[in-house]
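# Examination of the molecular architecture
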Amino acid sequence: INKSGTYSIQALIEVMESREEEIALERMLTPILPQLCGNEHGHHIILKLIIVLPEAKRTYINNFILKNLPNISCNKFGHLCIMKFMTSNTKLTLRVEFITQITQNFLCLIQNPFGCTIFLFLIEKYGIRYKSIIFTELLKNMSYFATESNISLSQIEQILFYLNKYDK
């Protein structure tokens, strides 16, 4: 997880040629995925894997991200992996599972500045398509927001601003 080590791993990822190399890398990285996602240098390995490997060859990363979405999203470096995951997956089943996880963990994510960034990115990247889900969750939890002092109103205002930008 140091700068030199992550550069070396990223270089290896770029030159992988065989399925055996991919399997060996998967075996080495799977146990340390949580550590990589939360590290300022390590998260670059996750980003590189998402960029380089076709969707079908990174199911272990996709599954890890979906299973650990709240923890990864609320992390300074992990949320960058989530945003790359969102833009790099085309399988409808992954998107449906992602939206399900977002909805189930809405309050956890909205209360965290990095988690909140995921909503802003969704709205900015996909515009109107996901706004109804986010707006519905905001409305459903409005009384909670009004009574909880740890909720950042500026984060909610920012999300409402983005929603308004795409659909008045």
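Summarised in this report is the structure supplied together with it. Quantities reported herein were computed from a predicted structural model and do not represent experimental measurements.

### What to know about the side chain of N39
By the secondary structure assignment, N39 is in the loop between α3 (33–37) and α4 (43–52). A polar contact of 2.7 Å, which involves the side chain of N39, links it to the backbone nitrogen of H41.

### Some words on helix α7 (residues 78–88)
G78, H79, C81, I82, M83, F85 and M86 are the residues of α7 that are buried. Taken together, the buried residues of α7 touch α3, α4, α5 (59–67), α6 (69–73), α8 (92–104) and α10 (113–126).

### A look at the packing of α4 against α5
Between two packed helices, the angle of one axis relative to the other and the distance separating the axes together describe the packing. Between α4 and α5, the shortest axis-to-axis distance is 10 Å and the interhelical angle comes to 125°. When the interaxial angle is binned, α4 and α5 end up oblique. Relative to α5, α4 is oriented so that their crossing is left-handed. Contacts between α4 and α5 pair I46, L49 and I50 from the former with Y60, I61 and I65 from the latter. Residue composition of the contact of α4 with α5, grouped by class: six nonpolar, no polar and no charged.

What counts, and at which threshold
- Residues numbered from 1 in each chain as written.
- Predicted model: local features only at pLDDT ≥ 70, side-chain atom pairs only at ≥ 80, totals over all residues.
- Heavy atoms only, no water.
- Helix = DSSP H or I, 4+ residues; strand = E, 2+ residues; numbered from the N terminus.
- Polar contact = N/O pair within 3.5 Å; in protein donor to acceptor, adjacent residues only side chain to side chain.
- Buried < 20%, exposed > 50% of the residue type's maximum accessible area, 1.4 Å probe, protein only.
- Contact = heavy atoms within 4.5 Å.
- Axes fitted to C-alpha atoms, helices over the stretch in contact; angles between N-to-C directions.
- Parallel < 35°, antiparallel > 145°, perpendicular 65-115°, else oblique.
- Left-handed = near helix turned anticlockwise from the far one by under 90°.
- Nonpolar A, V, L, I, M, F, W, Y, C, P; charged D, E, K, R; others polar.

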